[in-house]
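Single-letter residue listing:
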Amino acid sequence: MPTIRFEQVEKSYGAVRVLPPLDLALDDGEFTVLVGPSGCGKSTTLRILAGLEELSGGEIFFDEKPISDLASKERDLAMVFQDYALYPHMNIAKNMSFALRLNKTPKAEIETKVRRVADMLNIGHLLERKPAELSGGQRQRVAMGRALVRDASTFLFDEPLSNLDAKLRGKMRTELAEMRDTLDKNMVYVTHDQIEAMTLGDRIVVMSEGVIQQQGTPEELFKAPANKFVAGFIGSPTMNFLNAELTSKKDVLFAKGDGFELPLPKPLAKSLNGYAEKTVTLGIRPSSFSSDTKIGTPIDLRLVVSEYLGAQSTLVTRCGDAEVLVEHDSSSPVRTGSQLTFGVRTDELMVFDKNTELRL
Amino acid sequence: MTTASKLNRLTPYMFLAPAVLLLAVALLYPIGYMVYASFLDWRPSQYISEAEFVGFRNYVNLWNDEAFLESFGVTLKFAAVVVTLEMLLGVGLALLLDRNLRGLAALRTIFILPMMIAPIVVGLMWRYMYHPTVGIFNRTLKSWGLEPIPWLSDGTWSFIAVVIADVWQWTPFIFILSLAALQSLPQSALEAAELDGATGWQKIWHIKLPLMMPVLIVALLLRLIDAFKVLEVVLVMTNGGPGLSTEILSLRIFRTAQEFQELGVAAAMSNYLLILLMLLTTIMFVYNKAVENRAARLRAAAEEA
Ligand SMILES: Nc1ncnc2c1ncn2[C@@H]1O[C@H](COP(=O)(O)OP(=O)(O)OP(=O)(O)O)[C@@H](O)[C@H]1O
Ligand SMILES: [Mg+2]
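Residues numbered from 1 in each chain as written. Chains lettered and ligands numbered in written order. Predicted model: local features only at pLDDT ≥ 70, side-chain atom pairs only at ≥ 80, totals over all residues. Heavy atoms only, no water.

1. Focus on the overall build of chain B
Counting its secondary structure elements, chain B contains 12 helices and 2 strands. Each helix and strand of chain B, placed in order from N terminus to C terminus, yields the pattern α-β-β-α-α-α-α-α-α-α-α-α-α-α. Against the 2.2 N^0.38 benchmark of 19 Å for 305 residues, chain B shows a C-alpha radius of gyration of 25 Å, more extended than a compact globule. By its C-alpha atoms, chain B is 90 × 75 × 35 Å across when sized along the principal axes. (Helix = DSSP H or I, 4+ residues; strand = E, 2+ residues; numbered from the N terminus. Rg over C-alpha atoms; globule rule 2.2 N^0.38 Å.)

Now the structure itself:
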């Protein structure tokens with residue numbers, strides 16, 4: 001399995017620049033997840049890697065060999081397309097076995113492979129149907145199946161689970177995680193879904209407007225986001241951002257804003273030299289609130305809506321004029337409109353520069 | 001149902017009735033006239049009412065009329081050969097030129113020109129080019145020191161000459177239909193095939209041609225129908241000769257009426273041709289209907305799933 005390296009890869013459509021020069025290295029056998037808002041260039045990156053779009057500049061290397069002269073079929077890739085791209089005139093079995101038939105795999109082997117993958121994807125009963133006779137989610141699974149029967153060295157997935165129901169998605173996620181652990185393949189996976197990104201990725205690459213904001217393990221991105229964008233993108237429910245002024249009182253640095261005053265932990269305070277008396281953006285994860293007020297520093301919030309999710313609820317509250325999301329244990333009921341007090345685990349707070357949005 | 005609502009339902013038909021009636025008369029009268037004439041022994045010098053009624057004699061006699069059978073054979077051979085060549089060339093050219101290179105748009109327009117020329121002009125043009133001494137072909141052959149070809153004076157060569165002219169004029173028809181079909185193919189399926197490792201030929205064979213098939217079948221039937229009716233080009237170039245080598249059916253019909261003055265027999269021949277063409281047209285309609293039904297069924301199945 002090759003190591004893949006993007007070096008100053010650029011893509012423009014006419015005058016529209018979609019990807020500014022971009023560097024990216026994918027290690028041998030690594031499961032890389034690309035996340036980012038719609039239109040940020042994830043599919044374009046994948047399609048460039050697949051050789052379906054030409055580069056406007058830069059070069060891609062497989063094991064340090066430049067490949068931009070290689071045709072798609074010489075790159076040994078299997079891809080799940082965002083729009084499925086099934087062959088309309090072939091039934092599902094034929095769709096899935098096309099590549100195998102082209103490279104003259106023995107019939108019996110094709111049959112067992114297709115059968116195994118189809119059963120794993122719950123589409124074993126649809127093998128005789130044409131794509132037009134399937135629902136969106138079924139088509140998506142066929143697209144997935146068509147890639148998985150192949151023995152390519154690199155797999156590209158463009159939002160392969162976006163059209164499936166929650167249960168099926170969970171099942172597929174597990175299957176993919178198992179593949180990741182058992183197969184020594186490069187996988188590049190595009191998704192919008194937090195949970196997919198966090199559970200599947202050996203490494204997550206967060207993109208925005210064609211620019212890589214940060215890359216790292218799920219844990220690194222969650223615990224040490226490089227900037228406000230990444231902090232807001234990783235983690236669900238999303239991080240709360242509040243305007244705060246830093247004030248020093250008796251050696252302790254406080255973040256003070258409309259309706260709160262929270263002490264910042266020593267290590268964080270140290271890195272905030274020079275920001276004293278300035279306005280910054282304070283980031284608090286919804287999971288940093290505890291209903292046990294003895295923990296951390298108390299804060300008063302007014303409950304607007306409680307979104308029930310099962311064992312957990314997401315509370316939409318107000319702190320002054322700002323909206324604050326709080327993760328809450330559903331077993332202790334709360335009343336809408338009431339004033340609640342939570343403990344804030346201040347060691348989990350983050351502070352961002354108001355202008356550059358970098359984490360401080 | 002009240003009388004008023006019944007009337008309401010009839011209203012659209014009442015508005016349509018005059019137009020439908022007019023159309024029916026305008027279409028059916030000449031055809032009825034021809035069918036009636038085919039049962040007569042009728043000369044152009046007679047009023048139709050003076051002609052003798054002979055029942056199916058014209059139809060039956062044609063089965064023993066060697067010249068008619070020969071020209072029927074020539075027509076079948078002509079249609080089969082030109083349509084095969086036009087399909088191969090038209091589809092081939094479309095596959096070749098289906099890319100977004102600069103200058104191709106102009107080239108495509110040039111390819112379509114022959115179709116725009118009146119067939120009689122095409123016939124004249126080719127007749128001059130085939131001229132035994134001053135025609136471009138034989139002049140070229142001569143300048144290369146080769147024997148001239150008896151283009152229009154030899155049975156086999158004149159058939160070939162007529163085929164070439166028809167292929168020249170009608171290949172563009174297949175070409176533009178194929179090109180349109182190619183350009184509406186789902187691009188992503190072709191990209192998927194590329195990633196699945198298909199070569200250019202394999203993409204054509206496994207993806208492009210099967211997906212173009214509905215259009216190709218309709219184009220084929222349209223061309224067949226037209227090829228059975230071809231007249232002007234052949235009339236101008238060879239007038240059916242030499243011998244009966246290029247005497248296609250419509251030419252035979254024309255001459256039966258004009259030269260032999262047997263209007264009833266000519267009408268019977270026309271009706272045989274009409275039956276053949278109706279058969280082809282029916283096949284085309286049935287095929288189109290089947291394609292539509294299939295698409296509707298697939299949509300319904302997809303909505304259920
Ligand atoms: N053929 C094209 N011509 C011009 N602009 C294009 C073309 N294809 C894509 N773009 C632009 O490139 C940008 C990136 O598109 P891309 O498909 O990579 O987004 P994405 O991150 O995959 O989004 P999504 O999550 O919605 O699939 C978009 O702003 C899009 O409008
Ligand atoms: Mg996309």
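2. Some details on the domain arrangement of chain A
Residue and element names in this part refer to chain A. The domain boundaries assigned to chain A delineate domain 1 (4-233) and domain 2 (240-353). For domain 1 and domain 2, the distance between their C-alpha centroids amounts to 38 Å. Taken together, the contact between domain 1 and domain 2 spans 8 residues of the former and 5 residues of the latter. In total, domain 1 and domain 2 occlude about 550 Å² of area from one another, counting both sides; carbon and sulfur atoms represent 72% of this. When the buried area of domain 1 at its contact with domain 2 is split by residue, Phe222, Lys228 and Ala231 rank highest and sum to 74% of it. Inspection of the domain 1/domain 2 interface yields 0 salt bridges. (Domains from an automatic or database assignment. Contact = heavy atoms within 4.5 Å. Buried area = accessible area lost by both parts, 1.4 Å probe. Salt bridge = Lys/Arg side-chain N within 4 Å of Asp/Glu carboxyl O.)

3. Topic: the confidence of the model for chain B
Here chain B averages 87 in pLDDT, while 98% of its residues score no lower than 70. We note a pTM of 0.81 for the whole complex and an ipTM of 0.83 for its interfaces. (pLDDT = per-residue confidence, 0-100.)

4. Overview of the site of ligand 1
Residue and element names in this part refer to chain A. Surrounding ligand 1, one finds Tyr13, Val18, Ser38, Gly39, Cys40, Gly41, Lys42, Ser43, Thr44, Gln82, Glu159 and His192. In the model, an oxygen atom of ligand 1 is placed 2.6 Å from a nitrogen or oxygen of the Ser43 side chain. Out of a free accessible area of 640 Å², ligand 1 has 60% covered by protein chains. The element contributing the most residues to the shell around ligand 1 is helix 1 (residues 42-50), with 3 residues. (Near = heavy atom within 4 Å. Polar contact = N/O pair within 3.5 Å; in protein donor to acceptor, adjacent residues only side chain to side chain. Areas by Shrake-Rupley, 256 points an atom, 1.4 Å probe, with all protein chains shown as cover.)

5. A look at unusual backbone geometry
Put simply, Ser236 of chain A and Pro237 of chain A share a cis peptide bond, and its omega is -5 degrees. Along the polypeptide, Pro237 of chain A turns up in the loop between helix 8 (228-233) and strand 11 (240-249). Its identity as a non-glycine residue notwithstanding, Glu357 of chain A has a phi of 65 degrees, on the positive side. Position of Glu357 of chain A relative to the elements: it lies in the segment after strand 20 (350-352). With a phi angle near 60 degrees, Gln261 of chain B is a residue other than glycine that sits in the positive phi range.

6. Describing the interface of chain A and chain B
Much of the literature gives interface size as the accessible area that the parts lose upon coming together. Contacts between chain A and chain B engage 29 residues on the former and 22 residues on the latter. Taking both partners together, chain A and chain B bury about 2,100 Å²; carbon and sulfur atoms supply 63% of that area. It is Lys73, His89 and Leu102 of chain A that lose the most area in chain A upon contact with chain B, and together they represent 27% of the buried surface on that side. Viewed at the interface, chain B and chain A are joined by 3 salt bridges. Put simply, Glu191 of chain B and Arg47 of chain A hold a salt bridge, and the shortest N to O gap is 2.8 Å.

7. Concerning the coordination of the magnesium ion (ligand 2)
The reference angle at a metal is 109.5 degrees if four donors form a tetrahedron and 90 or 180 degrees if six donors form an octahedron. Every protein donor of the magnesium ion (ligand 2) is listed here as Ser43 of chain A (OG) and Gln82 of chain A (OE1), and their distances to the metal cover 1.9 to 2.3 Å. With a gap of 39 residues between them, Ser43 of chain A in helix 1 and Gln82 of chain A in the loop between strand 6 (77-80) and helix 2 (92-102) connect regions that are remote in the sequence. (Donors = N, O, S within 2.8 Å, 3.2 Å for Na, K, Ca; no water.)

8. Concerning the environment of Thr11 of chain B
With respect to the helices, strands and loops of the structure, Thr11 of chain B is situated in helix 1 (residues 3-37). Residues Thr11 of chain B and Val234 of chain B lie 223 residues apart in sequence; the distance between their C-alpha atoms is 51 Å.

9. Here's the deal with the sheet that holds strand 1 (residues 4-13) of chain A
Residue and element names in this part refer to chain A. In spatial order, the strands read 2-1-4-5; together these 4 strands make up an open sheet with antiparallel pairing. The open sheet has two free edges, formed respectively by strand 2 (16-26) and strand 5 (65-66), since each of these has just one partner strand. By the bridge criterion, 2 bridges tie strand 4 (residues 57-62) to strand 5 in an arrangement that is antiparallel. Note that in strand 5 the partner of Phe62 across the bridge is Lys65. Its contacts with the sheet put helix 1 on strand 1, strand 2 and strand 4, and the angle it makes with strand 1 is roughly 115 degrees. (Pairing = 2+ DSSP bridges. Axes fitted to C-alpha atoms, helices over the stretch in contact; angles between N-to-C directions.)

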